[in-house]
Number of protein chains: 2
Amino acid sequence: MFLELDGHGPHYSQLTRALKSAILSGRLSTGARLPSTRVLAEELGLSRITVLTAYEQLRAEGYIVGRVGSGSYVSTSHAEPMLPRRAPAIPGTPLTRYAKRARQLADWSITTRHCDRRLDMQYGRSQINPTLGAIWGRELAWASTRTRLEYASNQGLPALREQVCDYLARRRGIRTTSDRVLIVSGTQQAISLTSRVLLDEGDEVGIEDPHYFGAWQQFGAHGASLQAIPTDHEGLVCSALPAQAPRLVMVTPSHQFPAGPALSLPRRQELLRYAQAKNCWIMEDDYDGELRYDSAPLPTLRSLDDDDRVIYVGTFSKVMFGALRLGYMVLPEALCDDFVNAKYLCDRGNPAIEQAALAHFMEDGGFERHLRYVTKELSARRRELIAGLQQYVGDRVQIADAHAGMHVTVWLPDYGHEQVDAVIAEAHGRGLGLYSIAPHYRKPPTVPGLILGYCGLSRAQLHEAMQLFGESLDAVDAARKPLSMRRHSA
Amino acid sequence: MFLELDGHGPHYSQLTRALKSAILSGRLSTGARLPSTRVLAEELGLSRITVLTAYEQLRAEGYIVGRVGSGSYVSTSHAEPMLPRRAPAIPGTPLTRYAKRARQLADWSITTRHCDRRLDMQYGRSQINPTLGAIWGRELAWASTRTRLEYASNQGLPALREQVCDYLARRRGIRTTSDRVLIVSGTQQAISLTSRVLLDEGDEVGIEDPHYFGAWQQFGAHGASLQAIPTDHEGLVCSALPAQAPRLVMVTPSHQFPAGPALSLPRRQELLRYAQAKNCWIMEDDYDGELRYDSAPLPTLRSLDDDDRVIYVGTFSKVMFGALRLGYMVLPEALCDDFVNAKYLCDRGNPAIEQAALAHFMEDGGFERHLRYVTKELSARRRELIAGLQQYVGDRVQIADAHAGMHVTVWLPDYGHEQVDAVIAEAHGRGLGLYSIAPHYRKPPTVPGLILGYCGLSRAQLHEAMQLFGESLDAVDAARKPLSMRRHSA
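About the thresholds
- Residues numbered from 1 in each chain as written.
- Chains lettered and ligands numbered in written order.
- Predicted model: local features only at pLDDT ≥ 70, side-chain atom pairs only at ≥ 80, totals over all residues.
- Heavy atoms only, no water.
- Helix = DSSP H or I, 4+ residues; strand = E, 2+ residues; numbered from the N terminus.
- Contact = heavy atoms within 4.5 Å.
- Buried < 20%, exposed > 50% of the residue type's maximum accessible area, 1.4 Å probe, protein only.
- Pairing = 2+ DSSP bridges.
- Salt bridge = Lys/Arg side-chain N within 4 Å of Asp/Glu carboxyl O.
- Buried area = accessible area lost by both parts, 1.4 Å probe.
- Polar contact = N/O pair within 3.5 Å; in protein donor to acceptor, adjacent residues only side chain to side chain.
- Axes fitted to C-alpha atoms, helices over the stretch in contact; angles between N-to-C directions.
- Least-squares fit on C-alpha atoms with pLDDT ≥ 70 in both.
- Phe/Tyr/Trp six-rings, centres within 6.5 Å; stacked < 30°, edge-to-face > 60°.

Some words on the overall build of chain A
Alright, step 1. Helix and strand counts for chain A come out as 16 helices and 16 strands.
Alright, step 2. Residue pairs at least 24 apart in sequence account for 73% of intrachain contacts in chain A once pairs closer than 6 positions are excluded.

Structure below.
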């Protein structure tokens, strides 16, 4: 009997696969008697135990019948041989419109790339509190023995929803009740559920320019017609909102992502009046609104919303850590049931133990302590960053900032886009990872800018990083000086 | 100054809200000087600290300017008053097609109801191992300090994907590599992602009758055109598959859900040939395929699939616990990138700590030990259940079973649907929760049946439950006897 072993894994697995293949292809026909284990072992140069194990496996899977000693036979239920293997698989399969759009939009590099330099200023790193892993581990262990392990509420653990309500009332001026709160896996899922509930294919969505790329991708893949609305130093330019209302406007009022400014109070009111007049929904993405340093926070849109049309989205990805995958939505009454339905249909709710751990962490005060630590530490890093900018970079950059969050955006009005690319390349050569803001725009800004994430680096590292930034600028300045000299002398 | 406190929460919050409302409505106009804290405290009968706290809050939020002592003024950025509050909110908002369909399908009672009887035989309870909570807590604590807390791979932690590959090779005869495995939140999310990637609105899906209701709901809400294909004692009736191929056929080959039989090997081959001939995809939902007791397992469709068109879905909800929210898909090469894209867009991946804990649990052998315990315990409960059926119920029921899983389906061919409803009511009266199989069908079966979930009850409880089931049948038999007597004597 010819059996070709494929060389992957233990011998008995190889033999099992080879025999299956012989049976399914019809080379070993129905009812055929297999060689005895002794004979086959000798034939193939394998131990008898190996052959016995393979036969046992085939018997357990119904390929062969009979017992060792009285002979093994190919089971009659394998009567019809399979068609031969075809490759490549299904080349002509039509893609769905969603999959096509997702492929077109699938440039994940913007949100997930690392340039892997020693000092990396990528936005979104969140491991600020070195003891959080251990603290969180204790919370998880605590919750594991106190949580029902069965399917939980798809709307989210009631205890966590209650804690979120308290937190929003204290920190964000939002009054709500737990039946209006939906626990989600983070902002990305909030956007995905919102697409499901609010947008038919072709419906229009207004989104800030620049914006969180994952939102643009999700709305786009869903089939929404996206309109990028410009922003300035007061955030979304409300006067640029379309006369024909979209179904939804998505904004980051606390800290425009990623450009930096807060949406001014007059603009907040203008946006709410627009939504009311045009009968559209607003999604308020408050991704890092609680991380504020030395300025007074503005009221959230949701807290100003007398008309119940703001969908508020918060996340623990920034204040806790990205791998947690927990966030929350505060929903208008008219949409609440539909979002809870959609959450059920999408994944039946979030893991219960992590929700119980977080509820306990919040109730117990541990979360507030962590938040104070993080705010203090980030504030110190931010000061270090800005001091370093002043010392080494000076007035070659302008800072656009809402005194919040985990990054500072700087503009370089005296440089062209290509020169800033050269600065980035110089920085990379010096071990500093810098990131341009341009990929976050649909319509690239006239002035080039950089996003300086200060979460992943210590204060000492930030000082060094700004020194390297300054050196990188010096290098580019030196290279272009002859040009301007020439111009002056011309 | 007239200020109405709303009575919710601490006094300072009430006062803050009342002042905000006065400012936003224009009753306190821009630039107006607020009363001193002392005067307002006296006027409202509040402590001065309360008023100070409220003013501080308003100052922090940018509503007022100035300092205590020199007077507080309404900030000029509140120039335009808000429109008055309208209720109810947005009554005329059109629902999306998805939301409309989800509302129509939103009878969650089938999958989530409990009748809350002392002995409850609901399907899907999974807390069999009483030490699992503590064991799992230790794994989580272990993983918390060893896992990067930043955003992880949206395809799933590589270590867990590797463990899933090993596990599938050993337990389910599936050979795959970790780049073809996608970690998901469970079967429901697998269905949701499959809808996104494979189905445009109106595309046809073949699904077994009976079936998991969450699949019907998700495909239906997504806009698929659903065709229920009948099943019999060999599982899906392949000859009933439509001549015009659907895009996708979803099946539960190991243990038809919820009716019980395994898809026979000839039918497996017939289904694969059908998919190949018609160029459609198959989703193999192997929700409890590893929980087998005294029969040899049949090969999974995926392991027989030479044509790379089977999407294999496994879940840890049954073998671990429902609140874990972790499962996995083995993807055809042609679809892999599209599913990973869709996972990113839906939620950016599952929590990293739980994935790391599970990978360690699997690598360390703890998972196999747990699985052996669960299999042994469930097997003993199943035997107890069947012995109890034989003792108290006898040949009044027929057992349809693949010797697998966490429930046994029984048919009552001598009873009408109304009589079985009466049996259920009798059982409820005796403290026993019984569940009809009928709601899981589109086309109700001619013979009534019951799903007996044996996960939530101990062996002693199962014995008692079968005794109560027998008594409930006796009561209904007694009530109908006179009828049949009368018929005989007529």
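There's plenty left to go through after this.
A short note on the pairing of strand β11 (residues 327-330) of chain B
Residue and element names in this part refer to chain B.
Alright, step 1. The alternating pattern of β11 places Gly327 and Met329 on one face and Tyr328 and Val330 on the opposite face, and all of these are buried.
Alright, step 2. One ladder, built from 4 bridges, connects strand β4 (residues 181-184) with β11; its direction is antiparallel. From the neighbouring strand, valine 181 faces β11, where its bridge partner is valine 330.
Alright, step 3. Strand direction decides the pairing type here: strand β10 (residues 310-315) and β11, joined by 4 bridges, are antiparallel. Residue pairing across strands places threonine 315 opposite glycine 327, the latter belonging to β11.

Digging into the pattern of salt bridges
Alright, step 1. What the rule picks out here adds up to 44 salt bridges over all chains.
Alright, step 2. We note a salt bridge from A:Arg101 to A:Glu201, for which the minimum N-O separation is 3.0 Å. Of the two residues, A:Arg101 is situated in helix α4 (residues 97-105) and A:Glu201 in the loop between α8 (187-198) and β5 (204-209); the sequence distance between them amounts to 100 residues.
Alright, step 3. Given the relative accessible area of 31%, A:Glu201 is considered partly exposed.
Alright, step 4. Here A:Glu426 makes a salt bridge to A:Arg430, at a shortest N to O gap of 2.6 Å.
Alright, step 5. Among the residues examined, A:Glu426 registers a relative accessible area of 29% and is labelled partly exposed.
Alright, step 6. Overall, A:Arg430 belongs to the partly exposed group, its relative accessible area being 29%.
Alright, step 7. Where salt bridges share partners, they join A:Arg97, A:Arg101, A:Glu201 and B:Asp200 into one cluster.

Section: the interface of chain A and chain B
Alright, step 1. The interface is formed by 107 residues belonging to chain A together with 108 residues belonging to chain B.
Alright, step 2. The three residues of chain A that bury the most area against chain B are A:Leu149, A:Arg196 and A:Leu345, which together make up 8% of that side's buried surface.
Alright, step 3. The tally of links between chain A and chain B comes to 4 salt bridges.
Alright, step 4. The shortest N-O distance in the salt bridge between B:Arg97 and A:Asp200 comes to 3.9 Å.
Alright, step 5. Summed over the shared surface of chain A and chain B, the result is 28 residue pairs in polar contact (both at pLDDT 80 or more).

Comments concerning the sheet that holds strand β6 (residues 225-232) of chain A
Residues and elements named next belong to chain A.
Alright, step 1. Reading across from one edge, β4-β11-β10-β9-β8-β5-β6-β7 is the order of the 8 strands in this open sheet, with mixed pairing throughout. At either end of the open sheet lies a strand with only one pairing partner, and these are β4 (181-184) and β7 (235-236).
Alright, step 2. Contacts from helix α7 (residues 158-172) reach β4, β10 (310-315) and β11 (327-330) within the one sheet, and its direction differs from that of β4 by about 105 degrees.

Regarding the relation of the copies chain A and chain B
Alright, step 1. Take chain A, turn it by 180 degrees, move it 0.1 Å along the axis, and it overlays chain B with an RMSD of 0.2 Å. Classification of the inter-copy transformation places it as that of a two-fold axis.

So, the packing of aromatic side chains
Residues and elements named next belong to chain B.
Alright, step 1. Taken as a whole, this structure holds 18 aromatic pairs over all chains when the rule is applied.
Alright, step 2. On the numbers, 6.1 Å between centres and 65 degrees between planes, the contact of tryptophan 136 with phenylalanine 361 is edge-to-face. Placement of the pair is tryptophan 136 in helix α6 (residues 132-144) and phenylalanine 361 in helix α14 (residues 352-363), with a sequence separation of 225 residues.
Alright, step 3. Owing to a relative accessible area of 0%, tryptophan 136 belongs among the buried residues under this scheme.

A word on unusual backbone geometry
Alright, step 1. The omega angle of the peptide bond from B:Asp209 to B:Pro210 is 5 degrees, so this bond is cis rather than trans.
Alright, step 2. You can see B:Pro210 is positioned in the loop between β5 (204-209) and α9 (213-222).
Alright, step 3. The amide bond that connects B:Phe257 to the next residue, B:Pro258, takes the cis arrangement and shows omega of -5 degrees.
Alright, step 4. In this structure, B:Pro258 sits in the loop between β8 (248-251) and α10 (265-278).
Alright, step 5. Backbone geometry at A:Asp308 places phi at a positive 55 degrees, although glycine is not the residue there.
Alright, step 6. A positive phi angle, close to 60 degrees, is found at A:Arg348, a residue other than glycine.
Alright, step 7. Checked against the element boundaries, A:Arg348 lands in the loop between α12 (336-347) and α13 (352-363).
Alright, step 8. Classification of A:Arg348 by relative accessible area gives buried; the value is 12%.

Details of the sheet that holds strand β15 (residues 435-436) of chain A
Residues and elements named next belong to chain A.
Alright, step 1. Strand order in the open sheet formed by 4 strands is β12-β13-β16-β15, and the pairing between neighbours is antiparallel. On the outer flanks of this sheet lie β12 (398-400) and β15, each paired with one strand and no other.
Alright, step 2. Pairing of β15 with strand β16 (residues 449-453), which is carried by 2 bridges, proceeds in the antiparallel orientation. Residue pairing across strands places serine 436 opposite leucine 450, the latter belonging to β16.
Alright, step 3. Across the sheet, helix α14 (residues 366-393) is in contact with β12, β13 (407-411) and β16; its angle to β13 comes to roughly 20 degrees.

Purely spatial values, then, with no claim about function.
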